[in-house]
Amino acid sequence: MAAAVKQEPGTMAFPDGKVHNKSGDWSGGKGILPARETLGPLFLMSTTPAFSIVFFHVCTYMNGNFIEFAKLCLANGLFSTIYSIWPSPWDSSVWSMILSFMAFELVLQKYMPGREFKATVTATGNVPIYKANGMQTYVFTLSTLLTLTYFDIIRPALVYDKFGEFLSSMNVFAFAFCFMLLIKGHIAPTNSDSGTNGNIVIDFYWGMELHPRILGWDVKMFTNCRFGMMFWAVGILCFAHKNMELNDGVIQIGMAVNVALQLIYISKFFYWEMGYMNSMDIQHDRAGYYICWGCLVWVPSVYTSHSFYLAGNAPEIGTIKAALIFICGFLCIWINYDSDNQRYIFRQTKGECLIWGKKPSKIVAEYTTASGAIKKNLLLLDGWWKVSRHFHYMPEILASICWSCPAQTSGVVGPYFYSFFLTILLIDRAFRDDDRCRKKYGPYWEKYCNEVPYLIVPFVL
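Residues numbered from 1 in each chain as written. Predicted model: local features only at pLDDT ≥ 70, side-chain atom pairs only at ≥ 80, totals over all residues. Heavy atoms only, no water.

Asker: Just checking my understanding: could you explain the overall build of the protein for this structure?
Answerer: Tallying secondary structure elements over the protein gives 18 helices and 8 strands in all. Taken over the C-alpha trace, the protein has a radius of gyration of 23 Å; the compact-globule value for 461 residues is 23 Å, and the two agree within 12%. Structurally, the protein occupies a C-alpha span of about 70 × 50 × 50 Å along its principal axes. Burial status across the protein gives 55% buried among its 461 residues. The long-range fraction of contacts in the protein, counting pairs at least 24 apart against all pairs at least 6 apart in sequence, stands at 76%. Looking at the protein as shown, the accessible area adds up to about 20,100 Å², and 66% of this sits on carbon and sulfur atoms. Taking the 37 positively charged and 33 negatively charged side chains of the protein as two groups, their mean positions are separated by 7 Å. (Helix = DSSP H or I, 4+ residues; strand = E, 2+ residues; numbered from the N terminus. Rg over C-alpha atoms; globule rule 2.2 N^0.38 Å. Buried < 20%, exposed > 50% of the residue type's maximum accessible area, 1.4 Å probe, protein only. Contact = heavy atoms within 4.5 Å. Areas by Shrake-Rupley, 256 points an atom, 1.4 Å probe, with all protein chains shown as cover. Lys, Arg positive; Asp, Glu negative; His and termini not counted. Charge placed at Lys NZ, Arg CZ, Asp CG, Glu CD.)

Written as structure tokens, this is what we have:
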């Protein structure tokens, strides 16, 4: 296995006379959020675990009203309040659910049939290889859940009843898991896509390895897809089951619209999973607290929060309003999928395809790997990608608003926090990706930006 080394910057001159990145270390980029070096990660690692519990408590006991929680903190003190509401992380029934689910998904990840998929080359010249079995695993997982529920072998609403203990336990697991990844990155990295930043805080937060594997299992495919995204689907179905229990076996229409839209979105994700394996999350963000804790705790806590809230607080909405919300949400999800799929097909066919009925315009961009090899990529200049450089983020944010809309004005923050968080996340990610591509492609990216001048929203950003 490759030894962990500290990565040093370098420069090289391109034909245009400008100085660009010689080392090939274009794996990262600067976003809009400040304090990424040490203070920012320390702040996030010390606050986000507590926020996941506070968010659960506010949605469960305070109708999603953070103002009430703030009043409670002022009266009793912040730390004593958080301590008093923190659920036990040692509930044996919860650990049984967690470990059973993980084992089930790990077995499917490795043994569910699927074709071999080679992702794009990394900055050091490695080519990650995956088994493309996400959709099969997704369908089998949900079918198993529904079958076990139908025969009364399991009670999915138990996940709702024990969700506080679930999040508390997952915080413990995720911290231990990230610490293990830190040790592994130092003593047994999987390949050359690894190295220390010279700062243990950053090593723990951002991670040591880009594509770590343990006993043949790809870590980020498991944490991001097989646990995080899969639990998103399983979790909201469990919350829907709770909604039915609370309403004499009938699901409320707002809850049904909320869950249906998300299942369409998540189905789209697993259908397109190999496209995701070429995304920034996988190709450029290392396996540390940011990605792994985020997918193990933040995704179950925040991404399902509107469904968790609606399970016990869904207001009654009319059929016409529900239908309009569903149609708008479905349209946003389809546009998000179509834009991602355009780029995916463009890359897989090396530009030999049709987009909106014609052969797409493109830029042939060269870049340099860490070993000094010159390689080429194609930059798409047609379809949705002519509108803006990160157009696909717009329909994704709008879709999240649509599936939160069944809450209407019943909650102050809880039902809509995910959309607020997602907007910040994607804007920051767009700036990070732009900076990374500028380092990677140099003058070719400048030419691309001249052709597609808007980052996300035309005439705005």
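Asker: Can you help me understand the packing of helix α10 (residues 253-271) against helix α16 (residues 393-404) in this one?
Answerer: Contact geometry of α10 with α16 gives a least axis separation of 9 Å together with a crossing angle of 155°. Classified by the interaxial angle, the pair formed by α10 and α16 is roughly antiparallel. Facing α10, whose interface residues are N258, L261, Q262 and Y265, α16 presents E396, C402 and W403. For the contact of α10 with α16, the class distribution of residues is 4 nonpolar, 2 polar and 1 charged. (Axes fitted to C-alpha atoms, helices over the stretch in contact; angles between N-to-C directions. Parallel < 35°, antiparallel > 145°, perpendicular 65-115°, else oblique. Nonpolar A, V, L, I, M, F, W, Y, C, P; charged D, E, K, R; others polar.)

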